[in-house]
Amino acid sequence: MNETDALFPRTKAGYVLRQYQQGAVTAGVRDLMGALRGGGLIVLPTGSGKSLVIAGIVKELDGPCIVFQPSKEILEQNADKLRGYGFDPAIWSASLGRKDMGEITLATIGSVIRNVEAFHHFKYVIIDECDAVNAKGGMYSNFLSAMPHARVIGMTATPYRLTTDGFGGSILKFLTRTRPRVFERVIYFVQNGDLFRDGYLAKLDYKIVDTGFNADKLRMNTTGADYTDESVKRHFKELNFEDKIVVCVKRLLDLNRPGVLVFTRFVEEAEYVANHIPGAAIVTAETPSKDRREIIRKFRGGVIPVVANVGVLLCGFDYPELANVVLARPTMSLRVHYQQIGRAVRTHPSKECGWIVDMVGLVKSVGRVADLELS
């Protein structure tokens, strides 16, 4: 039984959708095939089964649909799940060495942006993790501008963009309130708290570690969207933060909680963890794909007890058994905070609850994901 089967029962007709998933499918199909112009937005929490909702939507459409994923790893996962649903999706991804097209085509935007004309006959566009879409420009904007006839919806767990407020600070803007904007309206959403309450997401136990970290000592970068690297490095040096991460992770292992995913800000910290904890590994954006897959395979299999990662494994890393996340990366981004914690929210029979070990005050400054609500 694979991870999807464990979470979502399957019949000969495909996966059995939960009530909220079916609601999202109905809303997505109605919007794509309706008369309203502009993009619709579906907001579903991390771990709620977005790939199955996508499968349910494309099953009902009457024309070719391209589904964008933000990375080849997520593309591969969604392709596997679509196959389990009875589809045989085409894949257009340069990094995977595939340029196939079909009624359902999974793609990464960087692979198709120079081949937009090949997709002019497509009627529908679905963008997964659509908070990555920049309405002011970029590859998604260019693609959609070249496809004015196509209907589009986006799906995300974090429908916000952090931007400057014009006064030296920053402000969260909902995707439907940016100027310009790609997504005009929210067509369906599910509250995080509802899925936690109903047992669809794992219980979380937040462990707050007093490391002396003080966000007031950090400076915002010029975009107002996060802290400067320089100020974070300076403060971490004051705190001897690398050693504190190692102590924290070793404590988890001593408590017989193997399978620890550590989010760090810099490669140096991740390397320090890997060098001071036997069997630990590091994953960064520079890790070759083959090596990354092998590390993740061994981590899932219990061979590697700890993975320290920088800038990766934030989304699309499905490992329901994961029960320990260490937050050692300060950030102002609600999306980053949510996605980090989201790695531990999937349910699994072997997991009573997930531990979120906060070393940088994120729970206090940003909040607990079960309390995040759309209003």
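Conventions adopted
Residue indices begin from 1 for each chain and proceed along its sequence in written order. Since the coordinates come from a predicted model, pLDDT governs what is reported: local features require at least 70, and pairs of side-chain atoms require 80 or more to be given and counted, while whole-chain, interface and lining totals use all residues. Derived side-chain values reflect all non-hydrogen atoms in the structure, with water molecules and hydrogen atoms excluded from consideration. For this analysis, a nonpolar core means a set of buried residues of the types Ala, Val, Leu, Ile, Met, Phe, Trp, Tyr and Cys, connected via side-chain atoms within 4.5 Å. The cut-offs for exposure are 20% and 50% of the maximum accessible area for each residue type, with area from a 1.4 Å probe on protein chains only; residues under the lower value are buried, those over the upper are exposed, and the others partly exposed. Only heavy atoms matter for contacts: two residues are in contact if any of them lie within 4.5 Å across the pair. Residue-level confidence of the predictor is summarised by pLDDT, bounded by 0 at the bottom and 100 at the top. Only protein atoms enter the 1 Å grid, on which a cavity is a set of points fitting a 1.4 Å probe that cannot get out and a pocket is an open set with protein on both sides within 12 Å along at least 5 of 7 lines, lining residues being those with an atom within 4 Å of a point. Grid points are joined across faces, edges and corners, and a volume is the space filled by probe spheres set on the points. Axis angles are defined between N-to-C directions and span 0 to 180 degrees, where every axis is a line fitted to C-alpha atoms and, for a helix, only to the segment in contact. Each helix is a run of DSSP H or I of at least 4 residues and each strand a run of E of at least 2, with the numbering of both proceeding from the N terminus. Reported orientations rely on four angle classes, namely roughly parallel under 35 degrees, roughly antiparallel over 145, roughly perpendicular from 65 to 115, and oblique for the rest. In a left-handed crossing the near helix is turned counterclockwise from the far helix by less than a right angle, and in a right-handed crossing that turn is clockwise. Charged means Asp, Glu, Lys or Arg here, nonpolar means Ala, Val, Leu, Ile, Met, Phe, Trp, Tyr, Cys or Pro, and polar covers whatever is left, Gly included.

1. Points about the nonpolar core
By size, the foremost hydrophobic cluster in this structure holds 93 residues, and its most contacted members are Ile-57, Val-58, Ile-126, Leu-204 and Val-262. What Val-262 contacts, discounting residues up to four positions off in sequence, is Ile-245, Val-249, Val-306, Val-307, Ala-308, Asn-309, Val-326 and Ala-328. If you look at the next biggest cluster of nonpolar residues, it comprises 26 residues, including Phe-68, Ala-107, Ile-113 and Tyr-140.

2. Topic: the confidence of the model for the protein chain
The predicted model of the protein chain has a mean per-residue pLDDT of 87, with 91% of residues at 70 or higher. Low pLDDT (under 50) marks residues 1-13, which in the prediction has 28 contacts with non-local residues, meaning those over four places away or in another chain.

3. Here we look at empty space enclosed by the protein
Summary: where empty space remains is shown by rolling a probe the size of a single water molecule over the atoms. Evaluated as defined, the whole model comprises two cavities of 30 Å³ or more. Of the volumes computed, that of the largest cavity is approximately 100 Å³. Considering the residues around the largest cavity, the lining is formed by 13 residues, among which Ala-157, Tyr-160, Asn-192, Leu-372 and Leu-374 are closest to the centre.

4. Structural notes on the packing of helix 9 (residues 241-254) against helix 10 (residues 267-276)
At their nearest, the axes of helix 9 and helix 10 sit 9 Å apart, and the two run at 45 degrees to each other. It follows that helix 9 is oblique to helix 10 by the angle criterion. Crossing of helix 9 against helix 10: the hand is right-handed. For the pair helix 9 and helix 10, contact is made by Glu-242, Asp-243, Ile-245, Val-246 and Lys-250 and by Glu-268, Glu-269, Tyr-272, Val-273 and His-276, respectively. Split by residue class, the contact of helix 9 with helix 10 holds four nonpolar, one polar and five charged.

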